[in-house]
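# A closer look at the structure
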Amino acid sequence: MTNHPYVPFHRPSIGEEEIQEVVATLRSGWLTTGPRTHQFEADFQAYSGARHALAVNSCTAALHIALAGLGIGPGDEVITTPLTFCATVNTIIHVGATPVLADVGPDGNIDPHSIETRITSRTRAIIPVHYGGLPCDMDAIYRLAEQHNLRVVEDAAHAAGTHYRDAHLGAEHASRSDAVAFSFYATKNLTTAEGGMVTTNDPALHEVMRRLALHGISKDAWNRYAANGKWHYTVQEPGFKYNLSDLQSAVGIHQLRKLESFTAARARLAALYTELLGDIEEVSPSPDTLCGRNAWHLYVLRLHLNELSIDRDAFIEELRLRGIGVSVHFIPIPLHPFFQPWTNGSHHHHCPVAMSLYHRIISLPLFPQLTVEEVHHVVNSIKSVVAAHRRHSVHGVLLERAARAAS
Ligand SMILES: *Cc1c(COP(=O)(O)O)cnc(C)c1O
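Let me begin by describing the structure that accompanies this report. (Residues numbered from 1 in each chain as written. Predicted model: local features only at pLDDT ≥ 70, side-chain atom pairs only at ≥ 80, totals over all residues. Heavy atoms only, no water.)

### Section: the overall build of the protein
Let me state the cut-off plainly: Counting from the N terminus, the helices are DSSP H or I runs at least four residues long and the strands are E runs at least two residues long. Here the globule rule is a power law, 2.2 Å times the number of residues to the power 0.38, and the radius of gyration is based on C-alpha atoms. Here's how the labels work: a residue is buried when its accessible area is under 20% of the maximum for its type, exposed when over 50%, partly exposed in between, all with a 1.4 Å probe on protein chains only. We call two residues in contact whenever any of their non-hydrogen atoms come within 4.5 Å of each other. Calculation of accessible area relied on Shrake-Rupley with a 1.4 Å probe; when residues are assessed, cover is drawn exclusively from the protein chains displayed. For the purpose of counting charges, residues Lys and Arg are taken to be positive, whereas Asp and Glu are taken to be negative. His and the chain ends are not included. The location of each charge is read from NZ of Lys, CZ of Arg, CG of Asp or CD of Glu.
Along the backbone of the protein there are 14 helices and 13 strands. Relative to the globule expectation of 22 Å for 407 residues, the C-alpha radius of gyration of the protein, 23 Å, shows essentially globular dimensions. Based on the C-alpha atoms only, the size of the protein along its principal axes is roughly 80 × 55 × 40 Å. Expressed as a percentage of its 407 residues, the buried residues of the protein come to 55%. When contacts within the protein are restricted to residue pairs at least 6 apart in sequence, those whose partners lie at least 24 apart make up 74%. Here the protein displays about 17,300 Å² of accessible surface, and carbon together with sulfur accounts for 55% of that area. Of the side chains in the protein, 33 bear a positive and 40 a negative charge, and the two mean positions are spaced by 3 Å.

### Comments concerning the sheet that holds strand β3 (residues 98-101)
What links the strands of a sheet is backbone hydrogen bonding, and the strands pair in either a parallel or an antiparallel sense. Our working definition: DSSP-based pairing: two strands are paired if at least 2 bridges between them are found. Interaxial angles span 0 to 180 degrees and are taken between N-to-C directions of axes, which are lines fitted to C-alpha atoms, for helices over the stretch in contact.
Strands sit in the order β1-β9-β8-β5-β4-β2-β3 across an open sheet of 7 strands; the sheet is mixed. A strand with exactly one partner marks an edge of an open sheet, and here the two such strands are β1 (52-56) and β3. Sheet twist, expressed as the average angle between the axes of neighbouring strands with direction ignored, equals 25°. Pairing between strand β4 (residues 123-127) and strand β5 (residues 151-156): 2 bridges, direction parallel. Its bridge partner lying in β5, alanine 125 is registered against arginine 151. Those strands touched by helix α4 (residues 86-94) are β2 (77-80), β3, β4 and β5, and its axis lies near 145° from that of β3.

### Structural notes on the packing of aromatic side chains
Keep this limit in mind: To pair, rings of Phe, Tyr and Trp, with the six-membered ring standing in for Trp, must have centres within 6.5 Å; the planes then decide the type, stacked if under 30 degrees apart, edge-to-face if over 60, and tilted in the middle.
For the structure on display, the rule yields 10 aromatic pairs. Ring geometry for tyrosine 273 versus tyrosine 299: centroids 4.9 Å apart, planes at 35°, classification tilted. Linking tyrosine 273 in helix α9 (residues 246-277) with tyrosine 299 in strand β12 (residues 299-303), this pair joins segments that are 26 residues apart in sequence. On the basis of relative accessible area, tyrosine 299 is assigned to the buried category, the value being 0%. Aromatic side chains phenylalanine 338 and phenylalanine 339 sit 5.3 Å apart centroid to centroid with 75° between the ring planes, which places their arrangement in the edge-to-face category. Classification of phenylalanine 338 as partly exposed rests on a relative accessible area of 48%.

Here is the structure:
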């Protein structure tokens, strides 16, 4: 259908700096958590403005130790969004608590009005997810948290670089959250291949999470070594094995230095998508915010299905045939078989907005090295799919007739 080269959903931005730092780490003799991880933590702490930053090996680990560190467990309910990756809900189950789903608004972020209807005497915490890097309505969430004495743990997997109002997520002078969990998975805005960071402004929670991230040991190996070569340590509880290695932090240190320019590139490309998609009545652009800064992890196209003769899955197949790699974020939690015992038939998990959004959304390619030409190609491909499948259009009807006749 096209001679244009394939546009992938994602291409990582790894430079010579990251490669050299990894090589230097390999030659340094210190591979696991050590000086580079401590530097990465200090750099991320300064970048985010949070009081403490703890590097871990995934955002999933960050969420787990935040919930565990806050003492959330059996008998407790934790409210989160259905439009998220399964890890958000899995970690609630890992600590023995019960996940409760609140619906999202049209922007894909958890709806504070829906959260309010889910609060019971057992509710202990809220986990908002900044969907695609778009900041949630944190003031409304904090108001509920204060009224009902709830903890707030942000799933900021998409949101390294996201600002709520004038401050980065988790910043000490602005944030009232207990902890903020970031992901450095391969496709995220800042990557260490696998990795994560949890920030907090509570020194006691920081210490507990640090211990939980390394077997429940009071101090990590590097501290012992760096202090005076001591061999002694004490286990205070059965912790987990969640520390980040210096090999990964070597990548993260340089990715973090580029994060502002990555975010600016994403924002420019997103603005171009929004401008070009404005010509197409059958779709809506990815929403932006006036309440801070979108990190633009995702550009989520919305289809107007009543104006199209094909569904979202067929639309994706048409884009694939035109050489465009896309994805869907996310399959809502209630649609996964495992979560059905929690969600089936319970009005407490009734999330009509998330469910209808799911059938209309497509995540388009968006990454710093995507070219302007590629954005044009993606949008032209969307135009050609829409033109061929516009409901009631003469062209669309003729094409459908031809397709039926041929089959
Ligand atoms: C990627 C992602 C996670 C998990 O991040 P990992 O670092 O892979 O553990 C959690 N929540 C959301 C919303 C994500 O997109």
